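So you can see what is in the structure, the chains are spelled out below.
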Amino acid sequence: MHPAVSVIFFTTATGAGYGLLALLGVGAALGLLPPHLALGLTGLGLAITLISAGLLSSTAHLGHPERAWRALSQWRSSWLSREGVAAIFTYLPAAAFAVGWIVLGRLNGWVAAAGVLAALGALVTVAMTGMIYASLKPVAQWHTTFTLPAYLIFAAITGLTLLNAILQAFGLWRHDAGMANGPTLNSATGLTGGTVRSVQWPHSERNYLLKEMGYRIARKHSVRLRHIAQVLAFAVPLALFVAAFFAAPWAAVAFCVLAVPVQLAGMLIERWLFFAEATHTVTLYYGLP
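Just so you know, the residues in each chain are numbered from 1, in the order the chain's sequence is written. The predicted nature of this model means local features are confined to residues of pLDDT at least 70 and side-chain atom pairs, given and counted, to a pLDDT of 80 or more, with totals for whole chains, interfaces and linings taken over all residues. Each side-chain value is worked out from all heavy atoms of the structure, with water and hydrogens disregarded.

1. Let's talk about the side chain of Glu-83
Note the threshold: In this text, helices come from DSSP runs of H or I with a minimum length of four residues, and strands from runs of E with a minimum of two, each type numbered from the N-terminal end. Under the scheme applied here, a residue whose accessible area is under 20% of the maximum for its type counts as buried, over 50% as exposed, and between as partly exposed, the area being computed with a 1.4 Å probe on protein chains only. By the counting scheme adopted, Arg and Lys are positive, Glu and Asp are negative, and His together with the chain ends is not counted. We count a salt bridge whenever a side-chain nitrogen from Lys or Arg sits within 4 Å of a carboxyl oxygen from Asp or Glu. Residue contacts are defined here by distance: any two heavy atoms, one from each residue, within 4.5 Å place the two residues in contact.
Tracing the chain through its elements places Glu-83 in helix α3 (residues 79-103). Buried charge without a salt bridge: Glu-83, with Arg-82 as the nearest opposite-charge side chain at an N-O distance of 11 Å. Setting aside its immediate chain neighbours within four residues, Glu-83 contacts Phe-10, Thr-125, Met-128, Thr-129 and Ile-132.

Written out as structure tokens, the structure reads:
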């Protein structure tokens, strides 16, 4: 099968764009993203640009691009037609989501609902794209149970990589590091009048609570380990997957196998930080921040 550049760009660009759009929609609905104007412009702008560029490039593979609109009429029997219909309908909630976020500066109510619908539309469109190839019985390499999941997984991975880069650029992927206003003795005891302070420790020496709940890690080590986790869990595996596409069969296998322990190492560091950076309210009673 001759690898047409237009189709390669189409599937790659739209996969990344829809993956990013879905993550933005779900993240906004769950309250994980702030109604930040620049973040909305960058994230949604990049997602919609990738989607639109990919869809436009797909028409270059048609014998008569000017007749592309006619393919939409065969949605009852054609996965290609269903993909086109799903892509068009996804623009509607995506546009509403963009207006609510960028123009109105809000991510709740109907804006959050629009984000969820945009995410659902993105998921359906990518699935339709995967089914175009999975439904072709004459091509044994495509007509398998792996084609559809692969399209969905690759869209999620590329979308997550884009979202991670955007959030890092805006300094919004550092929740724990930015928690300056944590609980206090006042909020922990429920006493709001005056300032509550600890006169002395509840115990004269270190105990189980301090050992388990009062673990501390130096900030410089925390930042360094967070960067290492990001590289091992996302950047290196993605680079290995890309390299596998262009490598010889034996090297491709080696790259894919190597990505497993590398990503696992990154996730182990992330999980360690997840617990090491957590601060229990009980430490306040010992005068610890």
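2. A word on the packing of α3 against helix α4 (residues 110-134)
As a reminder, the rule being used: A fitted line through C-alpha atoms serves as each axis, taken over the contacting stretch for helices, and the angle formed by two N-to-C directions is quoted from 0 to 180°. Orientation categories follow fixed angle ranges, with anything under 35 degrees roughly parallel, anything over 145 roughly antiparallel, 65 to 115 roughly perpendicular, and all other angles oblique. In this scheme the handedness of a crossing depends on how the near helix is turned from the far one: anticlockwise by less than a right angle means left-handed, clockwise means right-handed. Each residue gets one of three labels, nonpolar for Ala, Val, Leu, Ile, Met, Phe, Trp, Tyr, Cys and Pro, charged for Asp, Glu, Lys and Arg, and polar for the others, Gly among them.
Packing of α3 against α4 brings their axes to within 8 Å, and their N-to-C directions diverge by 160°. Between α3 and α4, the crossing angle belongs to the class labelled roughly antiparallel. As α3 runs across α4, the sense of the crossing is left-handed. Considered class by class, the residues forming the contact of α3 with α4 number 19 nonpolar, six polar and two charged.

3. Some details on helix α5 (residues 147-169)
Defined as follows: Expected helix span is computed as 1.5 Å times (number of residues minus one).
Between its first and last C-alpha, α5 extends 33 Å over 23 residues, near the 33 Å set by a 1.5 Å rise per residue. Considered for burial, the residues of α5 that qualify are Thr-147, Ala-155, Gly-159, Leu-163, Asn-164, Ile-166 and Leu-167.

4. Overview of the packing of aromatic side chains
Note the following rule: Aromatic pairs are defined between Phe, Tyr and Trp rings, using the six-membered ring for Trp, whenever the two ring centres lie within 6.5 Å; interplanar angles under 30 degrees are classed as stacked, those over 60 as edge-to-face, and all others as tilted. Two thresholds decide whether a charge sits over a ring: the Lys NZ or Arg CZ must be within 6 Å of the ring centre and within 35 degrees of the ring normal.
This model, assessed by the stated rule, comprises four aromatic pairs. Here Phe-154 and Phe-245 contribute two aromatic rings whose centre-to-centre distance is 6.4 Å and whose plane-to-plane angle is 70°, an arrangement assigned as edge-to-face. In this pair, Phe-154 sits in helix α5 while Phe-245 sits in helix α8 (residues 219-246), placing the two residues 91 residues apart along the sequence. When its relative accessible area of 46% is taken as the criterion, Phe-154 is described as partly exposed. An aromatic cluster is present here, built from Tyr-133, Trp-142 and Tyr-151 joined pairwise through their rings. In this arrangement the basic side chain of Arg-82 is found over the ring face of Trp-79, its NZ or CZ atom lying 4.5 Å from the centre.

5. Examining the packing of helix α1 (residues 5-29) against α3
Taken N-terminus to C-terminus, the directions of α1 and α3 make an angle of 45°; their axes are 12 Å apart at the nearest point. Judged by the inter-axis angle, α1 sits oblique to α3. The way α1 lies across α3 gives a crossing that is left-handed. Judged by residue contacts, Phe-10, Tyr-18, Leu-21, Leu-24, Gly-25 and Ala-28 of α1 engage Glu-83, Ala-87, Thr-90, Ala-94, Phe-97 and Trp-101 from α3.

6. Considering the environment of Leu-20
Along the chain, the position of Leu-20 falls in helix α1. Apart from the residues lying within four places of it in its own chain, the contact partners of Leu-20 are Gly-43, Leu-46, Ala-47, Gly-159, Leu-162, Leu-163 and Ile-166.

7. Concerning a nonpolar patch on the surface
Where we set the bar: Residues with no salt bridge and a relative accessible area higher than 30% make up the patches, which join like charges within 9 Å and nonpolar side chains (Val, Leu, Ile, Met, Phe, Trp, Tyr) within 5 Å. Where accessible areas are quoted, they stem from the Shrake-Rupley method and a 1.4 Å probe; at the residue level, only the protein chains shown are allowed to cover.
Together, Ile-153, Phe-154, Val-242, Phe-245 and Phe-246 make up a nonpolar patch on the protein surface, roughly 600 Å² of accessible area in all. Listing elements by their share of the nonpolar patch, those giving two or more residues are α5 and α8. Ranked by residues supplied to the nonpolar patch, first place goes to α8 with three residues.

8. A word on the nonpolar core
The nonpolar side chains of soluble globular proteins are, as a tendency, buried together. Condition: To form a nonpolar core, buried Ala, Val, Leu, Ile, Met, Phe, Trp, Tyr and Cys residues must be joined to one another through side-chain atoms within 4.5 Å.
Tyr-18, Leu-21, Leu-24, Leu-44, Phe-97, Trp-101 and Leu-107 are the most contacted members of the largest nonpolar core, which totals 29 residues. Those elements that provide at least two residues to this core are α1, α2 (37-58), α3, α4 and α5. Considering every element that reaches this core, the biggest residue donor is α1, with seven residues.

9. Structural notes on the confidence of the model for the protein
Note the following rule: Every residue gets a pLDDT, meaning the predictor's confidence in that residue, from 0 to 100.
Taken residue by residue, the protein gives an average pLDDT of 79. The fraction at 70 or more is 71%. Averaged pLDDT values for the elements of the protein fall to 50 in helix α7 (residues 208-213) and rise to 95 in α4.

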